[in-house]
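Structural overview for review
Below are the chains, spelled out letter by letter.
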Amino acid sequence: MATRVPTVAFEGIEARAVDVQVQIIPGAVHFTVVGLPDKAVAESRERVRGALIASGLALPAKRITVNLAPADLPKEGSHYDLPIALGVMAAIGALPGDALAGYCVLGELALDGSITAVNGVLPAAIAAGSRGLGLICPAASGPEAAWAGGDLDVLAPRSLIQLANHFKGSQVMARPEPAIATPGGPMPDLSDIKGQEGAKRALEIAAAGGHNLLMNGPPGAGKSMLAARLPSILPPLSPRELLDVSMIQSVAGALREGRLSDRRPFRQPHHSASMAALVGGGINARPGEASLAHGGVLFLDELPEFTPQVLDSLRQPMETGEVMIARANHRVTYPARFQLVAAMNPCRCGQALEPGYACRRGPNERCMAQYGARISGPLLDRIDLRIEVPAVTAADLILPSPVEGSREAAARVAAARRLQNDRYAARGLPAATTNATCPATVIEEVASPDADGAALIRAAAESMRLSARGFHRTLRVARTLADLDGEARVRRLHLAEALSYRGRGDKPAAAA
Ligand SMILES: Nc1ncnc2c1ncn2[C@@H]1O[C@H](COP(=O)(O)OP(=O)(O)O)[C@@H](O)[C@H]1O
Ligand SMILES: [Mg+2]
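Within each chain, residue numbers correspond to sequence positions counted from 1 in written order. Chain letters and ligand numbers both follow the written order, the letters beginning at A and the numbers at 1. Predicted model: local features are reported for residues with pLDDT of at least 70 only, side-chain atom pairs are reported and counted for 80 or more only, and whole-chain, interface and lining totals are derived from all residues. Calculated side-chain values reflect all of the structure's heavy atoms, with hydrogen atoms and water omitted.

An unreviewed UniProt entry lists the chain under the name Competence protein ComM, with Methylobacterium trifolii as the source organism.

Concerning the site of ligand 1
It suffices for a single heavy atom of a residue to lie within 4 Å of a molecule or strand for the residue to be listed as near it. In the neighbourhood of ligand 1, 14 residues make up the surrounding shell, with Lys194, Gly220, Lys223, Ser224 and Met225 lying closest. A distance of 3.0 Å is found between an oxygen atom of ligand 1 and a backbone nitrogen or oxygen belonging to Gly222. The side chain of Ser224 places a nitrogen or oxygen atom 2.7 Å from an oxygen atom of ligand 1. Each accessible area is a Shrake-Rupley estimate made with a 1.4 Å probe; only the visible protein chains count as cover when residues are assessed. Isolated, ligand 1 exposes 560 Å² of accessible area, and the fraction of that covered by the protein chains is 67%. Comment: elements are numbered from the N terminus, with helices defined as DSSP H or I runs of at least four residues and strands as E runs of at least two. Of the residues forming the shell around ligand 1, the biggest block, three residues, is contributed by helix H8 (residues 223–228). Residues are grouped as follows: nonpolar covers Ala, Val, Leu, Ile, Met, Phe, Trp, Tyr, Cys and Pro; charged covers Asp, Glu, Lys and Arg; every other residue, Gly included, is treated as polar. Taken together, the residues that form the shell around ligand 1 break down as seven nonpolar, four polar and three charged. Think of a polar contact as two N or O atoms within 3.5 Å of one another; within protein, one of them needs to be a possible hydrogen donor and the other a possible acceptor, and neighboring residues in sequence only count if both atoms come from side chains.

A word on the side chain of Lys223
Position of Lys223 among the secondary structure elements: in helix H8. Throughout, exposure labels follow a simple rule: accessible area from a 1.4 Å probe, protein chains only, divided by the maximum for the residue type, with under 20% read as buried, over 50% as exposed, and the rest as partly exposed. Note on charges: Lys and Arg go in the positive column, Asp and Glu in the negative column, and His and the chain ends are not counted at all. A carboxyl oxygen of Asp or Glu within 4 Å of a side-chain nitrogen of Lys or Arg is what we treat as a salt bridge. Although Lys223 lies buried, it forms no salt bridge, and the closest oppositely charged side chain, Glu302, sits 5.8 Å away as judged by the N-O distance. Here Lys223 is in contact with Met215, Asn216, Gly217, Pro218, Ala343, Met344, Asn345 and Val389, once residues within four sequence places are set aside. Contacts are assigned to residue pairs with any non-hydrogen atoms lying within 4.5 Å of each other.

What about the sheet that holds strand S18 (residues 385–388)?
Note on pairing: DSSP must find at least two bridges between two strands before they are called paired. The five strands lie next to each other as S11-S14-S17-S10-S18, forming an open sheet whose pairing is parallel. Both outer strands of the open sheet, strand S11 (266–267) and S18, are each paired with one neighbouring strand and no more. Where strand S10 (residues 213–216) lies against strand S17 (residues 339–344), four bridges are found, and the strand directions are parallel. Within S17, the position partnered with Met215 by the bridge is Ala343. All axes here are fitted lines through C-alpha atoms, helices being fitted over the stretch that makes contact, and every angle between N-to-C directions spans 0 to 180 degrees. Across the sheet, helix H7 (residues 197–209) touches S10, S17 and S18, and the angle it forms with S18 is around 165°.

Describing the pairing of strand S1 (residues 3–11)
By the criterion of burial, S1 is predominantly enclosed, with seven of the nine residues buried. In terms of strand pairing, S1 meets strand S2 (residues 14–25) through nine bridges, oriented antiparallel. What sits directly across from Pro6, in S2, is Asp19. What sits between the antiparallel neighbours S1 and S2 is a turn of two residues, in which Gly12 has the positive phi angle 65°.

Let's talk about the side chain of Ser291
With respect to the helices and strands, the residue Ser291 is situated in helix H11 (residues 289–292). Excluding residues that lie within four positions of it along the chain, Ser291 makes contacts with Ile248, Val323, Tyr334, Pro335 and Ala336.

Overview of the domain arrangement of the chain
Partitioning the chain into domains gives domain 1 (3–180), domain 2 (190–195 + 212–405) and domain 3 (409–506). Segmentation of the chain into domains, including their bounds, is taken from an automatic or database domain assignment. Placing the centre of domain 1 and that of domain 2 at their C-alpha centroids yields a distance of 40 Å. Summed over both partners, the accessible surface that disappears when two parts come together, traced with a 1.4 Å probe, is what is meant by buried area. Here domain 1 packs against domain 2, burying approximately 1700 Å² in sum over the two surfaces, 64% of which is carbon and sulfur. When residues of domain 1 are sorted by the area they lose upon contact with domain 2, Ile13, Asn119 and Ile180 head the list and together hold 30% of the total. At the junction of domain 1 and domain 2, the tally comes to zero salt bridges. At the surface where domain 1 touches domain 2, the tally comes to six residue pairs in polar contact (both at pLDDT 80 or more). Put simply, the parts of the chain that give the side of domain 1 that touches domain 2 at least two residues each are helix H4 (121–130) and helix H5 (142–145). Here the side of domain 1 that touches domain 2 takes four residues from H4, the largest share from any one element.

Quick notes on the layout of surface pockets
As defined here, a cavity is a set of points on a 1 Å grid over the protein atoms alone where a 1.4 Å probe fits but cannot get out. A pocket is an open set with protein on both sides within 12 Å along at least five of seven lines, and residues line them when an atom is within 4 Å of a point. Grid points are joined across faces, edges and corners, and a volume is the space filled by probe spheres set on the points. Roughly 1400 Å³ of volume is contained in the largest pocket. Taken together, 47 residues make up the lining of the largest pocket; nearest its centre are Arg337, Ala431, Thr433, Thr434 and Thr437. Those elements that place two or more of their residues in the lining of the largest pocket are helix H9 (239–252), helix H13 (315–320), helix H17 (406–426) and helix H20 (468–484). When residues in the lining of the largest pocket are grouped by element, the largest group, five residues, is from H17. Of the residues contributing to the lining of the largest pocket, the split by class is 19 nonpolar, 14 polar and 14 charged.

Topic: the pattern of salt bridges
Considering all chains together, one arrives at 23 salt bridges under this definition. Measuring nitrogen to oxygen at the nearest pair gives 2.9 Å for the salt bridge that ties Arg240 to Asp244. Residue Arg240 and its partner Asp244 are located together in helix H9, separated by four residues, close to a single helical turn. Overall, Arg240 belongs to the exposed group, its relative accessible area being 56%. Given a relative accessible area of 25%, Asp244 falls into the partly exposed group.

What to know about the state of the cysteines
For the purposes of this analysis, a disulfide is any pair of cysteine sulfur atoms at a distance within 2.5 Å. In this structure the tally under the stated criterion is zero disulfides. In this structure Cys137 is a free cysteine whose sulfur lies 9.8 Å from that of Cys104, the closest cysteine sulfur available. When its relative accessible area of 0% is taken as the criterion, Cys137 is described as buried.

Concerning the nonpolar core
In this structure, Leu213, Met215, Leu230, Val341 and Ile387 are the most contacted members of the largest nonpolar core, which totals 49 residues. The dominant element in this core, judged by the number of residues it contributes, is H7, at seven residues. When residues of this core are assigned to domains, at least three fall in each of domain 2 (190–195 + 212–405) and domain 3 (409–506). Here, the term nonpolar core denotes a set of buried Ala, Val, Leu, Ile, Met, Phe, Trp, Tyr and Cys residues that are joined through side-chain atoms within 4.5 Å. Counting 40 residues, the second largest nonpolar core, distinct from the first, contains Ile24, Leu59, Val66 and Leu95.

Comments concerning the environment of Ala391
One can find Ala391 in the loop between S18 and helix H16 (394–397). Given the relative accessible area of 33%, Ala391 is considered partly exposed. The spacing of Ala391 and Gly217 is 174 residues in sequence and 7.1 Å in space, taken between C-alpha atoms. Apart from the residues within four sequence positions on either side, Ala391 is in contact with Gln196, Pro218, Ala221 and Glu354.

Structure, rendered in structure tokens:
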């Protein structure tokens, strides 16, 4: 008879049910693992053998077959060690026969019999709960598993021996407690920035409506500094978002000590990042920066320095909110709904917009066009707010620090976000929580301007040759401006300000 131990295989952040079946029959001494295992799973045998011996259990001199079912689901990772070892222990009578019934098991083994942390414990715990099972996971991952709900039975042993003692009743383990990450020091504050009132206003609007933002300005203007202060004015993750974001971090192995954080992610990949690093994939399917930024901010500093193909790979997630990675024999998707914030110099010399500056390589306009051409039109098209950040003047720098900082801005952002949440929840659009993610048809309705505003946008559409997407983008930003003012109706002044954030990036698109 074979023993069965439930475990999981990960497809994206979904934990699919997998059964580890262990059969021990008389025959030549042999230990095989079948059922589409990858290399790490195949190596499980050696770790399981070593860990059992270290725990004082010799493998029987018989034929041991481990089958991972269903066989057509690819099995990756090292978390099959523990279910295999427990299956063998149950089969040789080292664990009571019914001990494992009702538990989903995952964990990696060290050769000394201790159980080491694995990725993906949070989604596994949630999946176990929904299947009416408890969870056995490594001690280090226990606090993470405890987040899946108070009624989930979680066992988080340090070693095989501790687990065996628990089942014998000689050393009963306590349920782990959910842990929250202690914030790593205060976040940089907006009050550090002198002058740049326009850019700070744009940053607040981006935070309030979840809009993508592109900052264009000479080196040293404070663009990187501004972007780094966006997290300090964003609202914390809601409980629902917290779980979604943490599931991705769990699968990526980015949760430290199983602790969850309600801070929005802020990811800042370097411009040398590969496509696999940015959108995910590679040898072991892993979430990329775009997915790790889910629910938060993806900051691309020096945007034109990224490889154009790498940048274009972001278009799909920006459209659909998820990344799809094709693997050899299957596909995985990861959520990737992020807010894009990008910074760039206007040209390679960096100074083309400075009055009186002449670019080294020909006319300023050409220098800027060449540099800007590295960013594709469709990507630019997805950026609602484009601003110019001028060099900060000496007069601004010697001023005292501004009295208003991130706290005041964050309060205004939170109020505007509440209005948006309520508005879209009332319309039955749970996927849209901000004006930036609201569908175009709905934004036409919720941002329909008053008569004065309608006249302005009609005139602007003609004189600025607004495209359909440009029109919707203006409405989205105007809606956020009205929300920041706490007004139900979008007015002329909101539209006028929204039109001012269209930036010069639109001009080539309109001419094309
Ligand atoms: N508005 C500002 N107020 C105070 N310091 C500033 C400001 N702008 C720039 N700085 C200083 O200049 C440095 C460079 O700014 P940075 O954000 O890296 O510029 P950029 O990314 O635009 O090239 C900052 O670390 C900061 O010390
Ligand atoms: Mg910079």
